[in-house]
Amino acid sequence: MDKTVLITGGAGFIGSHVVRLFVNKYPEYRIVNLDALTYAGNLENLQDIENAPNYTFVKADITDAAAMNKLFADYAFDGVIHLAAESHVDRSITNPNAFLLTNIMGTANLLNAARESWKGSYEGKRFYHVSTDEVYGSLGETGFFLETTPYDPQSPYSASKASSDHIVRAYGNTYGLPFVISNCSNNYGPNQFPEKLIPLFINNIRSSKPLPVYGDGKYTRDWLYVIDHARAIDDVYHKGCNAETYNIGGFNEWQNIELVKLMCAEVDKQIGNEPGTADKLITYVKDRPGHDRRYAIDANKIKNELGWEPSVTFEQGLAKTIEWYLANEEWLNHVTSGDYQKYYESQYANS
Ligand code: NAD
Ligand code: DAU
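Just so you know, these numbers come straight off a predicted model, no measurement behind them.

A. Quick peek at the pattern of salt bridges. Per the counting criterion, the structure on display carries 15 salt bridges. Notably, a salt bridge pairs arginine 20 with aspartate 48, separated by 2.8 Å at the nearest N-O pair. Taken together, the residues span a long stretch of sequence, with arginine 20 in helix H1 (residues 13–25) and aspartate 48 in the loop between strand S2 (29–35) and strand S3 (55–59) at a distance of 28 residues. Overall, arginine 20 belongs to the buried group, its relative accessible area being 19%.

B. The arrangement of the packing of aromatic side chains in detail. What the rule picks out here adds up to 18 aromatic pairs. Relative to tryptophan 331, the ring of tryptophan 324 lies with its centre 5.1 Å away and its plane at 70 degrees, an arrangement referred to as edge-to-face. Comparing tryptophan 324 with tryptophan 331, the two get one shared label, buried. Here the aromatic cluster, defined as three or more aromatic residues joined through ring pairs, consists of Tyr188, Trp223, Tyr225, Trp254 and Phe314. Residue placement shows arginine 221 over the ring face of tyrosine 295; its charged tip is 3.9 Å from the ring centre.

C. Inspection of the sheet that holds strand S11 (residues 253–255) at higher detail. Reading across the sheet, the three strands line up as S7-S9-S11 and stay open at both edges, with mixed pairing between neighbours. Sheet topology places strand S7 (186–188) and S11 at the edges, where each strand pairs with a single neighbour. The average angle at which neighbouring strand axes cross in this sheet is 50 degrees, direction not considered. In this sheet, strand S9 (residues 220–225) lies alongside S7 in parallel orientation, the contact comprising three bridges. If you follow tyrosine 188 over to S9, its bridge partner there is tyrosine 225.

D. Structural detail: the confidence of the model for the protein. For the protein, the mean per-residue pLDDT works out to 96, and 99% of the residues sit at or above 70. Taken element by element, the protein is modelled with least confidence in helix H12 (residues 343–347), mean pLDDT 75, and with most confidence in strand S4 (residues 79–82), mean pLDDT 99.

E. Local environment of the site of ligand 1. For ligand 1, the set of nearby residues contains 29 residues, the closest of which are Ile14, Asp35, Ser87, Tyr157 and Lys161. One of the backbone nitrogen or oxygen atoms of phenylalanine 13 is found 3.1 Å away from an oxygen atom of ligand 1. Between ligand 1 and isoleucine 14, the relevant distance is 2.8 Å, taken from an oxygen atom to a main-chain nitrogen or oxygen of the residue. In isolation ligand 1 offers 840 Å² of accessible surface; the protein chains occlude 96% of this area. Those elements giving two or more residues to the shell around ligand 1 turn out to be H1, strand S5 (126–132), helix H5 (156–175) and S7. Among the elements that take part in the shell around ligand 1, S5 stands out by supplying three residues, more than any other.

F. Focus on the site of ligand 2. Lining the immediate surroundings of ligand 2 are 24 residues, of which Thr132, Asp133, Tyr157, Arg288 and His291 lie closest. Within the contact set of ligand 2, an oxygen atom lies 2.6 Å away from a side-chain nitrogen or oxygen of arginine 288. A total of 690 Å² of accessible area belongs to ligand 2 in isolation, and the protein chains cover 94% of it. For the shell around ligand 2, the secondary-structure elements that each account for two or more residues are helix H6 (197–206) and strand S8 (211–214).

G. Inspection of unusual backbone geometry at higher detail. At alanine 76, a residue that is not glycine, the phi angle is positive and equals roughly 45 degrees. Residue placement: alanine 76 occurs in the loop between helix H2 (65–75) and S4. With a relative accessible area of 48%, alanine 76 lands in the partly exposed category.

H. Quick peek at helix H11 (residues 329–337). Buried within H11 are the following residues: Trp331, Leu332 and Val335. Buried residues of H11, seen end-on, are gathered within an arc of 95 degrees and therefore sit on one face of the element. On its buried side, H11 packs onto H6 and helix H10 (314–327). One or two residues past the end of H11 sits glycine 338, with phi positive at roughly 90 degrees.

I. Looking closely at the pairing of S5. Of all seven residues making up S5, seven are buried, and the element is well covered by its neighbours. Of the pairings in the sheet, the one linking S4 to S5 comprises four bridges and is parallel in character. Counted as the bridge partner of glycine 79 is arginine 126 from S5. Where S5 meets strand S6 (residues 179–184), six bridges bridge the pair, whose relative direction is parallel. Within S6, the residue paired with histidine 129 across the bridge is isoleucine 181. In this fold, the crossover linking S5 to S6 by way of H5 has right-handed handedness.

Calculation rules
- Residues numbered from 1 in each chain as written.
- Chains lettered and ligands numbered in written order.
- Predicted model: local features only at pLDDT ≥ 70, side-chain atom pairs only at ≥ 80, totals over all residues.
- Heavy atoms only, no water.
- Salt bridge = Lys/Arg side-chain N within 4 Å of Asp/Glu carboxyl O.
- Helix = DSSP H or I, 4+ residues; strand = E, 2+ residues; numbered from the N terminus.
- Buried < 20%, exposed > 50% of the residue type's maximum accessible area, 1.4 Å probe, protein only.
- Phe/Tyr/Trp six-rings, centres within 6.5 Å; stacked < 30°, edge-to-face > 60°.
- Lys NZ or Arg CZ within 6 Å of the ring centre and 35° of its normal.
- Pairing = 2+ DSSP bridges.
- Axes fitted to C-alpha atoms, helices over the stretch in contact; angles between N-to-C directions.
- pLDDT = per-residue confidence, 0-100.
- Near = heavy atom within 4 Å.
- Polar contact = N/O pair within 3.5 Å; in protein donor to acceptor, adjacent residues only side chain to side chain.
- Areas by Shrake-Rupley, 256 points an atom, 1.4 Å probe, with all protein chains shown as cover.
- Arc of directions from axis to C-beta.
- Contact = heavy atoms within 4.5 Å.
- Right-handed = clockwise from strand over helix to strand, strands pointing away.

Right, dumping it as C-alpha cells:
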C-alpha cells in the first residue's frame, strides 16, 4: 500500500461515507477506521466494504492517550482525517462534559500522537480536522459565514469544536504540524442517527408520532447531502493548501418549518398517503436553549480554489434520503432498539 490513512469516527454518519469513498476510490491506500462505537457509531453502516483488502477497523477511544500513541506507533500513518466527535447539540446541553472530553482532549491526544510519530519529518504528512460551521455562532437575517468570520460559538458542542479548531491551528503554528481544517454546514442523507432533525422526523412520520418543531420553527440551516460532504473532504485532503480553512456548504438555506413541510409532502408521496397527512403531526414545542437563529455558508473558496460544488439538488437529495430510510426499516429498527450495538460482537468476535 502507498499510504496509510487514519479516519476517526468512521462508523458514524459522515465518517462511514468518507471511509467508503476512500476505500473504493483509493485501493492503493490502507484505510484504518478508528471508532469507539459510542451510541452514534454503527458498523452496520460499512458492511459493504468491511472485507475490502485495504480496510481495517480498530475499536479505540480517542480520549485514551496511551492507546492513540500505540496506534500511531503501530501503523505509522501518513495522514489523519479526524471526524470522531460527540456531535449532537441537544446532548451537549444535557451532558457537556462528554463533549469537552472527546472533542477537545480527544483531538489533543491525536495531535500529540501525530507529532510524536512524525517528529523525524513532516514531509507528506497531513492532519485534517473536520469541523462545523457552528463555530461561527449565529447570523442575523443577512450575511454568510466566511473563513475569516470570527469565532463565536454558543453551545457546549460548538464551543468544544471551536476549541479543537484552535488547538489544531496552535499545533500548526507552534510545532509546524501540517494541517488543514474544514467547517461544514448541516449534513443529511442515509445512515444519520435518528436524533437529528431529518431522520428523526422521517422516522416519526413512519410511525405517526408528533414532529417536535422547536420554538417558532423559523430557525434557518444550510443543508448539504452527505455524499457531497465526503467528496469535499476528499478534495480538501488531497488538494487543500497547508494551514488553510475551507468552508463547505450546500448554497441551500431552509427555515426549519418550510423544510419540515417539504419533507412531510415527500414522505406522504412515497408512502402513498393522502397529501397533508404528515403535516397534521407537526407540533410546536419548547425551544432549544441558546438556539442559533441562522447558519449560512459562503462556500466560494472551496468552489473557486478546489473546484468542488454540490452534485445533487436539495429536492433530489431529500427524495433519495427519504427513499433510503423507507427502504431500510431494518437499519432504523436496529438503531432505535439498540440492536446495532450487538453487531460488533458478532462480526468481530474472533479478532
Ligand atoms: P456522528 O455522531 O454520527 O458520528 C461520530 C462518530 O464518532 C461515531 O461513530 C462515534 O462512535 C465516534 N466517536 C465519538 N466519540 C468517540 C471517541 N471518544 N473516540 C472514538 N470515536 C468516537 O457524527 P457526524 O454527524 O458523522 O459528524 C462527524 C464529524 O463531522 C464531527 O466531527 C462533527 O462535528 C462534524 N460535522 C458534522 C456535521 C453534521 O451535520 N452532522 C456538519 C459539520 C461537521
Ligand atoms: O451546522 C452543522 C451542525 O449541524 C453539525 O455540526 C452538528 O453536528 C449537527 O448535529 C447539526 O446541528 P443542528 O443543531 O443544526 O442539527 P439538528 O438536526 O439537531 O437541528 C436542526 C434544526 O432543527 C435546528 O434548528 C434545531 C431544529 N430541531 C431539531 C430537532 C432534533 C427541531 O426543531 N426539532 C428537533 O426535534
